[in-house]
Amino acid sequence: MTERQERRVVGLVAASHVVNHAYLVALAPVIGVVAADLGVSIAAVGLAIGVQGGVVTLLQLPFGYLSDSRSRTLVLALSLVCGTVGIVMTAVSPTYRWLLVSQAVLGVGIAGHHPAHYPLLATATAETNRGRAYSLHALGGALGFAVPYAIAAGIDTLGLDWRWTIATVSVLGAAVSLVVVPLAVGLPATLRKPTADARPATRPSLSDVRRGAAALLSSAGLMGLAFLSFLTSAAAWCIRTYSPQLLADGYNLHPSTANLLVSGMLVTGAGTILLGGALTDRIGPGRVALGGYAALAGLATLLASGSLPVALLVVVLPFSGTISVSRPARSTLADRLSTRDDLGKSFAVVTIGISLGGAVAPPAFGALIDAAGVRVAFSVVAALGVVSFGVTRWLLGRVDGSARDPVATPSD
C-alpha cells in the first residue's frame, strides 16, 4: 500500500468510527429525561441500551465471517445504513416498546463496524505503523462518544427536548455516511475484499462452524482479551452513561454543566488514545494496558468518594482516558495473536466481549444506581479496574512473548 492509500483508509475508518460511537451512546446524556418522558425507570432505559448491546454481540461472528469471506466494505456500508435507520427511529420513539425496537435496529448497524474496520486497517497499514493506525481509529470512536454530550448540552441550553438531541446526532451521522460509503466502495479490490485464496470455496457447514468456534475458543490469548474487553467495556459504559448523574447527584452540578464536563472528559480521552498508540509502538502493549487499568482504579475511587472539592472536579477530564490509553494496546495484542485470514473473526471475538459489556452494564448499573446510589456504582468501576489489571498480568504471562514486544517478530 502507498502512504496515501494508508491515510485514506485510516481516515475513512476513523470517520465511520465517529458515527458508530455517536450512535452507540446517543441516549446516554439524556437517559434521565427519556425515562421521565416515556414513564419508565432509568434502569428500563438502560435495558433498552442493553438490547442494542445484545444484538451487537449476537451479530459479531456473522459479520466477521462476511468480512473475512466476502467484502469488508459491504459490511461497513450495511452497518452505516442500518445504524442511521435505527437512530432515526430512536429520535421519533413514541413509546418504550418502540424505543426497544429502535435500539435493536441500531444494534444491527453498530454490529458490523469492528469486523469491517480492523481488517481494513490491518490490510492497509504497515506493521510499524499499526499501533498508531489503531490509535487514530480509536480516536475517531472517542470523539464520537463526546459528540452526543456536547449536542445535549447545546440542546438543553436552547430549551428543546431530548428528541432534538437524537435527531441532530442522526443528521450528522447520515451526512458522514453519505461521504464514507462511496469512498469506501471505491477502494482497491485488494482492500475491499479478501484475496481469492483466503475465501472459502464452499458455504460453511455446521461442522465447519463448530470447528471454527472450537479453534477460537481454544486460543487462550483471544479468550483472555475477550474477557478483558468485557470488563473494560462494562466500566466504560458506566462512565459514559452515568457520569452526568454522578456529577449532578454527587457534586450538585447543573445537568448542562455535567454534560459539558463529560463531553470534555471524552475529548480528553481521545487525546490519550493517540498517546496510547505511540506508547504501544514504543514500549509495547502490555505496559500501556497495565498503566491504564491502574489509573482507572485510582480515579474511579476518587470520584466515587464524592468528597472532591468542586474546584478539583477537573480530575474527571482524564477519567475515560484511563481506558482509552489502553485501547490501541489491546487491539495490537489481538492483531498479533491472529493470522491474516481470520482477522475479522478474531476481532469479532474480542468485540463480543465489548458488546457483552454494552448489553450488561447499562441495565445492571442503572438498577444498582436505583437501589444503592451512583457512588456505589462508581466504586464497582474501581473494582473492575483492579480486576482488569490482574487479568492483563495473567494474560501477558501466558501468551507468546513476542506479542508483548514493541515490535512484532516476523512470525507475528
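This structure is a prediction, so every number in the text was calculated from the model and none was measured.

Participant: I keep staring at helix H4 (residues 72–91) and nothing clicks. Help me out?
Facilitator: Structurally, the α-helix is built with 3.6 residues per turn, so residues lying three or four positions apart point the same way. Counted at 1.5 Å a residue, the expected span for H4 with its 20 residues is 28 Å, and the 29 Å between its end C-alpha atoms agrees. Of all 20 residues making up H4, 14 are buried, and the element is well covered by its neighbours.

Participant: I'm lost on the packing of helix H5 (residues 96–111) against helix H6 (residues 113–124) in this one. Help?
Facilitator: It is the contact of H5 with H6, at a shortest axis distance of 5 Å, that shows an interaxial angle of 10 degrees. Relative to H6, the element H5 lies roughly parallel. Within the contact between the two elements, H5 uses Gly 109, Ile 110 and Ala 111 and H6 uses His 113, His 114 and Pro 115. In the contact of H5 with H6, the residues fall into three nonpolar, three polar and no charged.

Participant: Sorry if this is basic, but what is going on with the packing of aromatic side chains here?
Facilitator: Here the distance between the centres and the angle between the planes together describe a pair of aromatic rings. With the rule as written, the count across this model stands at zero aromatic pairs. Over the ring of Phe 145 we find Arg 240, and its NZ or CZ is 3.8 Å from the ring centre. The ring of Trp 237 is capped by Arg 240, whose NZ or CZ atom sits 4.9 Å from the centre of that ring.

Participant: Would you mind going over the environment of Gly 141 with me for this structure?
Facilitator: On the secondary structure map, Gly 141 appears in helix H7 (residues 130–157). For Gly 141 and His 21, which are 120 residues apart along the polypeptide, the C-alpha to C-alpha distance reads 5.4 Å. Apart from residues lying up to four places away in sequence, Gly 141 is in contact with His 17, Val 18 and His 21.

Participant: When you look at the side chain of Ser 229 in this model, what are you seeing that I'm missing?
Facilitator: With respect to the secondary-structure elements, Ser 229 resides in helix H11 (residues 220–251). Only 2.7 Å separates the side chain of Ser 229 from the backbone oxygen of Leu 225, close enough to count as a polar contact.

Participant: When you look at the pattern of salt bridges in this model, what are you seeing that I'm missing?
Facilitator: Side-chain pairing between opposite charges can occur once the charged atoms of the two side chains come close. Tallied over the entire structure, the rule returns one salt bridge. As a salt-bridge pair, Asp 37 and Arg 163 come within 3.4 Å of each other at their nearest N and O atoms. With Asp 37 in helix H2 (residues 31–38) and Arg 163 in helix H8 (residues 162–185), the pair connects residues that are 126 residues apart, well separated along the chain. For Arg 163, a relative accessible area of 22% corresponds to the partly exposed category.

Participant: What's the story with the confidence of the model for the protein chain in this structure? I'm lost.
Facilitator: Where the model shows low pLDDT, its predicted coordinates should not be examined in detail. Confidence along the protein chain averages 80 in pLDDT terms, with 84% of residues attaining 70 or more. Mean pLDDT values for the elements of the protein chain range from 54 in helix H10 (residues 206–217) up to 93 in H5. Predicted confidence for residues 408–412 stays below pLDDT 50, and this span has seven contacts to residues more than four positions away or in other chains.

Participant: Before we go on, may I ask you to explain helix H3 (residues 42–69) in this structure?
Facilitator: The first and last C-alpha atoms of H3 sit 41 Å apart over 28 residues, in line with the 40 Å expected at 1.5 Å per residue. Along H3, the largest kink reaches about 40 degrees and is centred on Leu 59; proline Pro 62 follows within four residues of it.

Participant: I keep staring at unusual backbone geometry and nothing clicks. Help me out?
Facilitator: Generally, phi is negative for residues other than glycine and the peptide bonds are trans, each holding for most cases. Here Asn 252, not a glycine, exhibits a phi torsion of approximately 60 degrees, which is positive. Along the chain, the position of Asn 252 falls in the loop between H11 and helix H12 (255–283). Given a relative accessible area of 68%, Asn 252 falls into the exposed group.

Participant: What should I look at first to understand the environment of Leu 228 in this one?
Facilitator: Locating Leu 228 in the fold gives a position in helix H11. Taking the relative accessible area as the measure of exposure, Leu 228 reaches 3% and is therefore buried. Residues Leu 228 and Thr 392, spaced 164 residues apart in sequence, show a C-alpha to C-alpha distance of 7.3 Å. Residues in contact with Leu 228, not counting those within four places in the same chain, are Tyr 293, Ser 388, Val 391 and Thr 392.

Rules used in this analysis
Residues numbered from 1 in each chain as written. Predicted model: local features only at pLDDT ≥ 70, side-chain atom pairs only at ≥ 80, totals over all residues. Heavy atoms only, no water. Helix = DSSP H or I, 4+ residues; strand = E, 2+ residues; numbered from the N terminus. Expected span 1.5 Å × (residues − 1). Buried < 20%, exposed > 50% of the residue type's maximum accessible area, 1.4 Å probe, protein only. Axes fitted to C-alpha atoms, helices over the stretch in contact; angles between N-to-C directions. Parallel < 35°, antiparallel > 145°, perpendicular 65-115°, else oblique. Contact = heavy atoms within 4.5 Å. Nonpolar A, V, L, I, M, F, W, Y, C, P; charged D, E, K, R; others polar. Phe/Tyr/Trp six-rings, centres within 6.5 Å; stacked < 30°, edge-to-face > 60°. Lys NZ or Arg CZ within 6 Å of the ring centre and 35° of its normal. Polar contact = N/O pair within 3.5 Å; in protein donor to acceptor, adjacent residues only side chain to side chain. Salt bridge = Lys/Arg side-chain N within 4 Å of Asp/Glu carboxyl O. pLDDT = per-residue confidence, 0-100. Bend = angle between axes of the 7 residues up to and from the residue.

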